[in-house]
Amino acid sequence: MVPNRDALRGRVAVVAGATRGAGRGIAAALGEAGATVVCTGRSTRSTRSDYNRAETIEETAELVTHLGGIGIAAAVDHLEPDQVRKLAERIREDHGHIDVLVNDIWGAELLKGGPPDWNRPIWEHELDKGLRILRLAIDTHLITSHHLLPLLIEKPGGLLVEVTDGTADYNASHYRLSVFYDLAKVAVNRLAFSQGHELEPYGATAIAITPGWLRSEMMLDNFGVSEENWRDAVRPTSDNDRPAAPADFALSEPPRYAGRAVVALAADPERSRWNQKSVSSGQLASEYGFKDIDGSQPDI
């Protein structure tokens, strides 16, 4: 299922947090549509992030180019305002403006812990870890918007995408793992609302997007499968070393699916109707008709 290769040709996008997961999937989908994509993150071929994983921003940029766009890797720690300011200066010098800004920075997957750590009261959590979760999930987005949104409002039509976990409606009635994780994910939805209010006079749109059950690199590793055989995770197995995935994992989606949601929004001349909204990739697939790379339309 191949989208329009020229849908975003000539557009300039920045995906903040493009190393892996939804960020890489969004950058790749923007590349599929012909966009120039600045891919930022802390994981490079010379420096590994807190996860100590193999994925790098250089790989993401190369994937963007391979798929038909122009990928540019930029090593940036979005907790460091000066680094983000310098990124903005480079983009202004090289491109003049930004058409799409995606705030996908997270980096707290290990800090939130696994199932044994979930649903524990705040007084039983390590405070330093909890506060760092909030810094990684919220401060990074604020710093990024502060320095890059001036480039987005250079001309009307800009799109800001805040990536989170759970729509505003879902999170309003569901407790999310811990006080710290819950606050982080609710706050990012609110950022789309508040920034949409500030961007509207400039003809720009802000929206919060959540993937469904994301088959990220780390999620696939957790179930001992790859993107090629991910369905094996929900089938009975005699391999005691591989944890079984719940049945709902059959409705999971790859990172590229959320990316195609972003592309659909960026290509929509009426995208302002989504300003301040909080939606899922499945909802947008139903609205725009795009499909996953295998031709399906998962919506958990």
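In the block above lies the structure referred to throughout.
Residues numbered from 1 in each chain as written. Predicted model: local features only at pLDDT ≥ 70, side-chain atom pairs only at ≥ 80, totals over all residues. Heavy atoms only, no water.

**A look at the overall build of the protein chain**
The helix and strand inventory of the protein chain stands at 9 helices and 7 strands. Against the 2.2 N^0.38 benchmark of 19 Å for 300 residues, the protein chain shows a C-alpha radius of gyration of 18 Å, consistent with a compact globule. In terms of overall dimensions, the protein chain has a C-alpha envelope of 55 × 45 × 40 Å along the principal axes. For the protein chain, with 300 residues in total, the buried portion stands at 52%. For the protein chain, the accessible surface area stands at approximately 13700 Å², while carbon and sulfur atoms represent 51% of it. Side chains of the protein chain give 32 positive and 43 negative charges; the mean places of these two sets differ by 2 Å. (Helix = DSSP H or I, 4+ residues; strand = E, 2+ residues; numbered from the N terminus. Rg over C-alpha atoms; globule rule 2.2 N^0.38 Å. Buried < 20%, exposed > 50% of the residue type's maximum accessible area, 1.4 Å probe, protein only. Areas by Shrake-Rupley, 256 points an atom, 1.4 Å probe, with all protein chains shown as cover. Lys, Arg positive; Asp, Glu negative; His and termini not counted. Charge placed at Lys NZ, Arg CZ, Asp CG, Glu CD.)

**Some details on the sheet that holds strand β4 (residues 100-103)**
In space, the 7 strands of this open sheet follow the order β3-β2-β1-β4-β5-β6-β7, with parallel pairing throughout. The sheet is open, and its two edges are formed by β3 (70-75) and β7 (278-280), each paired on a single side. Adjacent strand axes in the sheet meet at a mean angle of 20°, parallel and antiparallel pairs treated alike. Sheet contacts for helix α3 (residues 81-94): β1 (12-16), β2 (36-41) and β3; angle to β3, the most-contacted strand, approximately 150°. Sheet strands in contact with helix α6 (residues 179-199) are β5 (159-163), β6 (205-210) and β7, and its direction is about 165° off that of β6. (Pairing = 2+ DSSP bridges. Axes fitted to C-alpha atoms, helices over the stretch in contact; angles between N-to-C directions. Contact = heavy atoms within 4.5 Å.)

**Here we look at helix α9 (residues 281-288)**
Taken together, the buried positions of α9 are Ser281, Gly282, Leu284 and Ala285. Viewed along the axis of α9, the buried residues span an arc of 160°, placing them on a single side of the element. Elements that come into contact with the buried residues of α9 comprise β6, α8 (255-267) and β7. After α9 finishes, the residue Gly289 shows a positive phi value of roughly 85°. (Arc of directions from axis to C-beta.)

**Examining the packing of aromatic side chains**
Under the counting rule described, the total for this entry stands at 6 aromatic pairs. Summarising the aromatic geometry, the rings of Trp106 and Tyr181 are spaced 5.7 Å apart at their centres and angled 80° between planes, so their arrangement reads as edge-to-face. Taken as a pair, Trp106 in the loop between β4 and α4 (127-152) and Tyr181 in helix α6 lie far apart in primary sequence, 75 residues in all. Across the pair, Tyr181 and Trp106 agree in class, each one buried. Taken together, a centroid distance of 5.3 Å and an interplanar angle of 70° make the contact between Trp213 and Phe249 edge-to-face. Pair noted here: Trp213 is in the loop between β6 and α7 (217-222) and Phe249 is in the loop between α7 and α8, with a separation of 36 residues, a long-range link. For Phe249, a relative accessible area of 0% gives the class buried. By the ring-pair criterion, three or more aromatic residues cluster together here, those being Trp213, Phe223, Trp230 and Phe249. (Phe/Tyr/Trp six-rings, centres within 6.5 Å; stacked < 30°, edge-to-face > 60°.)

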